[in-house]
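Chains, contacts and geometry: an overview
The chain contents come next:
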Amino acid sequence: MIKVTCLGGAGSVTGSSFLIESPQGKRALVDCGLFQGGRQMESRNREDWGFDPKGLNTLFLTHAHMDHSGRIPKLAKDGFKGKVITSPPTAELSRVMLLDSAHIQEMDAEWQTRKNKRRGKEEVKPLYTMEDAEASLKLLTPTERDRIIEVEPGIRARLRNAGHILGSSILELWLGENGNTTKVVFSGDLGKHDQLILRDPHEIFDADYLFVESTYGNRMHRSFGQSKDELLEAIRYSVSKNEKIIIPAFAVERTQELLYLLGEFDREGLLPDIPVYLDSPLAIKATEIFRKNKKYYDEEARAIVDEGYDPFDLSNLKFTESTQESIAINEKSGSAIVIAGSGMCTAGRIKHHLKHNLWREGASLVIVGFQAKGTTGRKIVDGAKHVKVFRENVSVKAKVFTIGGFSAHADQKDLLEWIGHFESNPRVFVIHGEATASEALAKKIKDDFNLTVHVPKWKERLILKPREVTIESTEAPEPLPDMKEVLSNTIIDLESELKALKKRIKSKEAGEKIEDDDVDQLKYIQEELKEILS
Ligand SMILES: [Zn+2]
């Protein structure tokens, strides 16, 4: 019997974490994310784990987003000494992001402590420190995708491309021993169909149990072509007014997608001759990691590299790492594109750019990412005339472009298409979504595929039993053939067919008779043979 406890990312999109117990009582964790969004949700980050981190040997990390990785330093601080099994790019991105997260934790605690002291309250300790994060990075164990690894007796695993952000993975798990195994698949966050830079999510055909994300389980994305036009329109608008184009963006994936698109505009001669600033130390580091990891690009991105370009570079791109360089951007007048974090305008350098540009007619604010309720970004999108930036009331005179076609998540259609590849009728658990999104996807899965579906709640414990297979047979079963004999007979047949084919090609009338299709078919056979030999 396998037990799965939903410790986070069930009934919510943050704090993703699932504890697995194998039939032999071995434990492993899938993701260890940070709860985000409001005090009540964030208080969960400090709760007891519900298990002993010291007794855990393995953590599978699907990708580097904070809502999947952000509590790893705390897990290590609380005694976890095992391996964090993850793809090589995820390990690289996690190094940068966990240190950044620790810095934010320290700053937040310091700020909260100062506030508390004025009220005579206690000091606040950070969830974890830079030192804790550094220590946890030693546990990262980069593991190539597409190969099965034995993690410990009774737990085997394989990572597959999830196409969501660089390095993101689907997790396939085989639990159990002696021919009595159960396959459990965790989708992780899935990318959308035809996403920039990355290949589409790997198609999986079999599982006994499937845990699938549902962030956009009830929504469809807008067309991407339209979004590209809107981005170009925003740039042209502010260039014509000699003002700046401000783009708040998440440091990983969205920023690189923007650079990729701007690069495309640049090569096509569509980008006006203005500076483009990447004003985020975290995004700069992430972009370097994207540049290095070319083998994970999709065909289109590879083609750009093959033509001799860097997909994330453009003629006027400037990385502004230091604070002085960042300040200098607003000291210069004239048009420029500024990409900065945070993605929802709540912190970071974007706040300075808002303060300097939001009130300027002719400037543009281009929103390319999800804006959660209560954030400055959301208020602007909802049409606020003024917003608070650094305790100042800044009026919104800039033109706001909300571009909906960028997303690193599969929408409902993409999710259903991916689930449709399973041929084994898995039992499905819909996770990682707001309740309405999860329920909507669950209903669609039931209706479209007639599968048994459940939407687990936070802290719910699921018991997965090996699936019962009933074989009904009225006749005596045929004896099983000797596979070795079948194979050697097939090879003999194949050899004689090949001989006949060679003869035909040599003969005179062959020229007219052989077609492209015949060659393709042969190549196919050759590929299949290679597959068998490997
Ligand atoms: Zn994610």
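That block above? That's the structure.
Nothing here was measured: the structure is a model prediction, and the numbers come from that model.

Describing the overall build of the protein chain
Looking only at helices and strands, the protein chain features 17 helices and 22 strands. In terms of overall dimensions, the protein chain is globule-like: its C-alpha atoms have a radius of gyration of 27 Å, near the 24 Å expected for 534 residues. Reported as C-alpha extents along the three principal axes, the dimensions of the protein chain are approximately 85 × 65 × 45 Å. The buried share of the protein chain, taken over its 534 residues, is 49%. For the protein chain, the exposed area adds up to about 27,600 Å²; of that, 50% sits on carbon and sulfur atoms.

Side note on the nonpolar core
In terms of nonpolar packing, the biggest core is built from 68 residues, with Leu231, Leu262 and Ile337 touching the most fellow members. Within the second largest apolar cluster, 24 residues are counted, among which are Phe18, Val30, Ile155 and Ile431.

A look at the coordination of the zinc ion
Every protein donor of the zinc ion is listed here as His63 (NE2), His65 (ND1), His164 (NE2) and Asp189 (OD), and their distances to the metal cover 2.2 to 2.3 Å. For the zinc ion, the four donor atoms in the first shell make angles of 92 to 166° at the metal, a pattern classed as irregular. Within one chain, the residues serving as donors to the zinc ion are arranged as H-x1-H-x98-H-x24-D. Of the two residues, His63 sits in the loop between strand 4 (58-60) and helix 2 (66-69) while His164 sits in the loop between strand 8 (155-161) and strand 9 (169-175), which places them 101 residues apart along the sequence. The two residues His63 and His164 agree in class, both being buried.

Quick word on the packing of helix 13 (residues 412-419) against helix 14 (residues 435-449)
Contact pair helix 13 / helix 14: the axes reach a minimum separation of 11 Å and the direction vectors enclose 45°. Judged on the interaxial angle alone, helix 14 and helix 13 are oblique. The handedness of the crossing between helix 13 and helix 14 comes out as right-handed. Where helix 13 approaches helix 14, its residues Gln412, Leu415, Leu416 and Ile419 are matched on the opposing element by Ala440, Leu441, Lys444, Ile445, Asp448 and Phe449. Broken down by class, the residue content of the contact of helix 13 with helix 14 amounts to seven nonpolar, one polar and two charged.

What to know about the packing of aromatic side chains
Within the structure shown, the criterion is met by 13 aromatic pairs. The interplanar angle of 25° and the centroid separation of 4.7 Å between the aromatic rings of Phe211 and Phe429 together place this pair among those described as stacked. Taken together, the positions of Phe211 in strand 11 (residues 209-213) and Phe429 in strand 20 (residues 427-431) put the pair 218 residues apart, joining distant regions of the chain. Neither residue differs from the other here; Phe211 and Phe429 are each classed as buried. An angle of 85° between the planes, with centres 6.0 Å apart, marks the rings of Tyr297 and Phe312 as edge-to-face. In this pair, Tyr297 sits in the loop between helix 8 (281-292) and helix 9 (299-306) while Phe312 sits in the loop between helix 9 and strand 14 (317-319), placing the two residues 15 residues apart along the sequence. Relative accessible area serves as the criterion here: at 1%, Tyr297 is assigned to the buried category. Among the aromatic residues, those joined into a ring-pair cluster are Phe18, Phe186, Tyr209, Phe211 and Phe429. If you follow Arg267 out to its NZ or CZ, it ends over the ring of Tyr309, 5.2 Å from the centre. The ring centre of Trp458 lies 4.5 Å from the NZ or CZ of Lys459, which sits over that ring.

Some points on a negative patch on the surface
Taken together, Asp194, Asp200, Glu203, Glu299, Glu300 and Glu417 make up a surface patch of like negative charges. Along the chain, Glu300 falls in helix 9.

Examining unusual backbone geometry
For the bond from Gly341 to Ser342, the omega torsion is 5°, close enough to zero to count as cis. For Ser342, the position within the fold is in the loop between strand 15 (336-340) and helix 11 (350-357).

Side note on the sheet that holds strand 12 (residues 244-248)
Read across the sheet, six strands follow the order 14-13-15-12-16-19 without closing on themselves; strand pairing throughout is parallel. Two strands in the sheet have a free side with no partner beyond their single neighbour: strand 14 and strand 19 (399-402). Strand after strand, the sheet turns through a mean of 20° between neighbouring axes, direction not considered.

Overview of the environment of Asn425
Looking at where Asn425 falls in the secondary structure, it is placed in the loop between helix 13 and strand 20. Spatially, the C-alpha atoms of Asn425 and Asn450 are 8.6 Å apart, while their sequence positions differ by 25 residues.

Examining the pairing of strand 15
Where burial is concerned, most of strand 15 is hidden: five out of the five residues are buried. Alternating positions in strand 15 separate into two faces, Ala336, Val338 and Ala340 on one and Ile337 and Ile339 on the other, with burial throughout. As paired strands, strand 12 and strand 15 are joined by five bridges and run parallel to one another. What sits directly across from Ile245, in strand 15, is Ile337. As defined by bridge partners, strand 13 (residues 276-278) adjoins strand 15 across three bridges and the pair is classed as parallel. Looking at strand 15, one finds that Leu278 is bridged to Ile339.

Section: the sheet that holds strand 3 (residues 27-30)
The strand order 6-5-4-3-2-1-22 describes an open sheet built from seven strands, whose pairing is mixed. Of all strands in the sheet, those bounded by a partner on one side alone are strand 6 (140-142) and strand 22 (461-464). The average angle at which neighbouring strand axes cross in this sheet is 25°, direction not considered. As paired strands, strand 5 (residues 83-86) and strand 6 are joined by three bridges and run parallel to one another. Paired with Ile85 across the two strands is Thr141, which belongs to strand 6.

Criteria and thresholds
Numbers given to residues run from 1 along each chain, matching the order in which its sequence is written. Only residues with pLDDT of 70 or above have their local features reported here, since the model is predicted, and side-chain atom pairs are shown and tallied only from 80 upward, although totals for entire chains, interfaces and linings are computed over all residues. Excluding hydrogens and water, the side-chain figures rest on all heavy atoms present in the structure. The helix and strand labels rest on DSSP assignments: H or I over at least four residues marks a helix, E over at least two residues marks a strand, and numbering proceeds from the N terminus. Radius of gyration means the value over C-alpha atoms here, while the globule rule gives 2.2 Å times the residue count to the 0.38 power. Exposure is judged per residue with a 1.4 Å probe applied to protein chains only, and the accessible area is read against the type maximum: over 50% gives exposed, under 20% gives buried, and values in between give partly exposed. Only the protein chains shown count as covering a residue, and every accessible area follows the Shrake-Rupley method with a 1.4 Å probe. Each nonpolar core is a collection of buried residues, namely Ala, Val, Leu, Ile, Met, Phe, Trp, Tyr and Cys, held together in the definition by side-chain atoms within 4.5 Å. Each metal's donors comprise the N, O and S atoms found within 2.8 Å of it (within 3.2 Å for Na, K or Ca). Water is not part of the atom list, so some coordination spheres may appear incomplete. Any site counts as irregular unless it has four donors with all angles between 85 and 135 degrees, making it tetrahedral, or four or six donors with opposite ones more than 155 degrees apart and the rest between 65 and 115, making it square planar or octahedral. Angles here are taken between N-to-C directions and fall from 0 to 180 degrees, while the axes themselves are lines fitted to C-alpha atoms, restricted in helices to the stretch in contact. When an angle is under 35 degrees it counts as roughly parallel; over 145 it counts as roughly antiparallel; between 65 and 115 it counts as roughly perpendicular; any other value is oblique. Note on convention: near helix rotated counterclockwise from far helix by under a right angle means a left-handed crossing. Clockwise means right-handed. Here, two residues are considered to be in contact whenever any of their heavy atoms come within 4.5 Å of each other. Note on residue categories: nonpolar means Ala, Val, Leu, Ile, Met, Phe, Trp, Tyr, Cys or Pro, charged means Asp, Glu, Lys or Arg, and polar means any other residue, Gly included. Working definition: rings of Phe, Tyr and Trp (its six-membered ring) pair if their centres are within 6.5 Å, and the pair is stacked with planes under 30 degrees apart, edge-to-face with planes over 60 apart, and tilted otherwise. A positively charged side chain is recorded as over a ring if its NZ (Lys) or CZ (Arg) lies within 6 Å of the ring centre. The angle to the ring normal must also be within 35 degrees. Patch membership requires more than 30% relative accessible area and the absence of a salt bridge. Residues of like charge join within 9 Å; the nonpolar side chains Val, Leu, Ile, Met, Phe, Trp and Tyr join within 5 Å. Any carboxyl oxygen of Asp or Glu that lies within 4 Å of a side-chain nitrogen of Lys or Arg is treated as forming a salt bridge with it. Neither His nor the chain ends contribute to the count of charged residues, in which Lys and Arg are positive and Asp and Glu negative. Charge positions are represented by NZ for Lys, CZ for Arg, CG for Asp and CD for Glu. When DSSP finds at least two bridges between two strands, those strands are taken to pair.

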